[in-house]
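The lines below spell out each chain.
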Amino acid sequence: MKEAAEFPPAAKFREEHTKVQVDAVEKIDGHDAYRVVGTRPNGSAIDRVYFDAQSGLLLRSYTTMQSVVGAFPEETNYDDYRDVSGVKIPYTVRVLSPEGNRTYKWSQVDANAPVEDSKFTRPLPPPPPRPAD
């Protein structure tokens, strides 16, 4: 979950991998993209990130996630970038994995918006059921 919450995505890619290099140019949704590969420090896997050759924006990340039954691939695609307070934010994120494919779409993103403390309080548990009459 820590990796999924990283913003911007792939910001620490170089720090989290021992060997990092650009090894190819591939087409992703009609865009030329630089493929950057990195080896995890324990050598367990090679991760890839793809950056748009013109804009430099992240288009895709590919990794293998560890589970109790072994490693499985996960691909995340970033699209529909829009400017939010001077920062490009992907408004569409598609995740493809054996656990199921998911698409997240945002209609509005606010930067540095105030959030009320009440949003972080734990909801009260439901009342116990009433005995039958």
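K.L.:
Account for the overall build of the chain, naming residues and giving values.
P.N.:
From N to C terminus, the chain includes one helix and seven strands. The secondary structure elements of the chain, listed N-terminal to C-terminal, are α-β-β-β-β-β-β-β. On C-alpha atoms alone, the chain measures out to a radius of gyration of 20 Å, which is more than a quarter above the 14 Å that the 2.2 N^0.38 rule sets for 133 residues. Counting only C-alpha atoms and orienting by the principal axes, one finds that the chain spans roughly 70 × 40 × 25 Å. Within the chain, buried positions represent 26% of all 133 residues.

K.L.:
How would you summarise the side chain of Thr92 if you had to cite specific residues and measurements?
P.N.:
Its location among the elements puts Thr92 in strand β6 (residues 87-96). In contact with Thr92, not counting residues within four places along its chain, are Asn77, Tyr78, Asp79, Asp80, Thr103, Tyr104 and Lys105.

K.L.:
Give a detailed account of the packing of aromatic side chains, specifying residues and quantitative values.
P.N.:
Applying the stated criterion across every chain, the model contains one aromatic pair. Ring centres 6.3 Å apart and planes at 25° place the aromatic pair Tyr104 and Trp106 in the stacked group. One cation-aromatic arrangement involves Arg60 over Tyr50; the distance from NZ or CZ to the ring centre is 5.8 Å.

K.L.:
Tell me about the layout of surface pockets, and name the residues and values.
P.N.:
Once rolled over the atoms, a probe with the size of a water molecule shows which space is left empty. Of the volumes computed, that of the second largest pocket is approximately 160 Å³. In terms of lining residues, the second largest pocket is bounded by Ile28, Asp29, His31, Asp52, Ser55, Leu57, Leu59, Asn77, Tyr78, Asp79, Tyr81 and Arg94. A total of four residues in the lining of the second largest pocket trace back to one element, the largest contributor, which is strand β5 (residues 70-84).

What counts as what
- Residues numbered from 1 in each chain as written.
- Predicted model: local features only at pLDDT ≥ 70, side-chain atom pairs only at ≥ 80, totals over all residues.
- Heavy atoms only, no water.
- Helix = DSSP H or I, 4+ residues; strand = E, 2+ residues; numbered from the N terminus.
- Rg over C-alpha atoms; globule rule 2.2 N^0.38 Å.
- Buried < 20%, exposed > 50% of the residue type's maximum accessible area, 1.4 Å probe, protein only.
- Contact = heavy atoms within 4.5 Å.
- Phe/Tyr/Trp six-rings, centres within 6.5 Å; stacked < 30°, edge-to-face > 60°.
- Lys NZ or Arg CZ within 6 Å of the ring centre and 35° of its normal.
- 1 Å grid on protein atoms, 1.4 Å probe; cavity = no way out; pocket = protein on both sides within 12 Å on 5 of 7 lines; lining within 4 Å.
- Points joined across faces, edges and corners; volume = space filled by probe spheres on them.

Treat this as a map of the structure, not an account of what it does.
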